[in-house]
Amino acid sequence: MPKATRVILGPMEGVLDHLMREMLTDINDYDLCVTEFVRVIDQLLPNSVFYRLCPELHQGGRTASGTPVRVQLLGQDPDWLAENANRAVMLGSAGVDINFGCPAKAVNKSRGGAVLLQDPELMYQIVKAVRQATDPRKPVTAKVRLGWDDPARCFEIADAVAQAGGDEITIHARTKIDGYKAGTIKWDYIRQVKEKTAIPIIANGEVWNYENSQECLQATQVDALMVCRGALNLPNLCNVIKHNDTHMSWVAVLDLLLRYSQYEIKGDKGLYYPNRVKQWFAYLRHEYPEAKALFADIRRLNKAAPIVDTLQAARIKLAA
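Residues numbered from 1 in each chain as written. Predicted model: local features only at pLDDT ≥ 70, side-chain atom pairs only at ≥ 80, totals over all residues. Heavy atoms only, no water.

Asker: An account of the pattern of salt bridges is needed here, citing residue identities and associated values.
Answerer: Tallying each qualifying case throughout the model produces 16 salt bridges. Here Glu 56 makes a salt bridge to Arg 21, at a shortest N to O gap of 2.8 Å. Linking Glu 56 in the loop between helix H2 (47-53) and strand S3 (69-74) with Arg 21 in helix H1 (residues 18-27), this pair joins segments that are 35 residues apart in sequence. Of the two residues, Glu 56 and Arg 21, neither departs from the other in class, the shared state being buried. Where Arg 259 meets Asp 26, a salt bridge forms, and the shortest distance between an N and an O atom there is 3.1 Å. Taken together, the residues span a long stretch of sequence, with Arg 259 in helix H11 (residues 250-266) and Asp 26 in helix H1 at a distance of 233 residues. Overall, the relative accessible area of 24% leaves Arg 259 in the partly exposed class. (Salt bridge = Lys/Arg side-chain N within 4 Å of Asp/Glu carboxyl O. Helix = DSSP H or I, 4+ residues; strand = E, 2+ residues; numbered from the N terminus. Buried < 20%, exposed > 50% of the residue type's maximum accessible area, 1.4 Å probe, protein only.)

Have a look at this one:
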């Protein structure tokens, strides 16, 4: 039976922030987290930008539970990416990840993310510049898709990262054009890339439970997985994958939501709490029918207090 020796909590812009990393690494055996991307254009960004997106830098580049956190950069200029990568590492990041996979139109229009999959030579120059500029003891990694519209480009893309000195590649098993459509997942390409590439490969895409993880590991022949959306659908997904743990109960999820509420309201994003908790419910309802019903009760609420009251009432009702 295939076994995942590493499970990584991946980046999701505006969703998997430091508060979510804090909670999910506390209840799971994650090996690494990758931050939301730091957008690099034409300057060396101040320390405050890195600390804002990755406050774990203040504690040695680790979450409170000790999971290493790696800063992700997005951009197209090799020299500026290299300078900012060096800064991230100097501030304590557990290496640097480069985003070549984001399919968002706004990002791609500014020549960042998945659009660079069309230019493996530029990808090579970026990874090479970042590798040369940073501490050789700290990994330089890349997150990619199979290609822009042709999955067969994955071999050229992976070779560009490997030849430039990248330490490992996370491959989302779809093209940019595929987006996130479930039926477009192509795990077999990851297996083929692994056979042709000397550096480690991490598989990403359509892993929602233990059965999916086994299918992915079997199909790709890798031993490391990155999860993103699935980690929000099922909060203990990492331990489900690694140890075949039972799915977290709805009672435990409610307790987690109430804990999250305390974090968010006390934190710097307190004003955004109603939208943030509703956003999480949008994921949870794929796994928990109870979340769909409770979401109907909170969807029209726009203040934190009544939402927390509704969650507490649901928790008390379950305890009765």
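Next comes the rest of the account.
Asker: Run through the environment of Arg 137, naming residues and quoting values.
Answerer: Within the element layout of this structure, Arg 137 appears in the loop between helix H5 (120-133) and strand S5 (140-145). Judged by its relative accessible area of 71%, Arg 137 falls in the exposed class. Counting along the chain gives 43 residues from Arg 137 to Ala 94, while the straight-line C-alpha distance between them is 9.6 Å.

Asker: Let's hear about the packing of aromatic side chains: which residues, and what values?
Answerer: In the structure shown here, the tally under the stated rule is 4 aromatic pairs. Taken together, a centroid distance of 5.5 Å and an interplanar angle of 40° make the contact between Trp 250 and Tyr 288 tilted. Of this pair, Trp 250 sits in helix H11 while Tyr 288 sits in the loop between helix H12 (273-284) and helix H13 (289-298), and the two are 38 residues apart along the sequence. Note on Tyr 260 and Trp 280: the rings are 5.1 Å apart at their centroids and 75° apart in plane angle, and the pair reads as edge-to-face. On the criterion of sequence distance, the pair formed by Tyr 260 in helix H11 and Trp 280 in helix H12 is long-range, its members being 20 residues apart. Look at Tyr 260 and you get buried, because its relative accessible area is 0%. (Phe/Tyr/Trp six-rings, centres within 6.5 Å; stacked < 30°, edge-to-face > 60°.)

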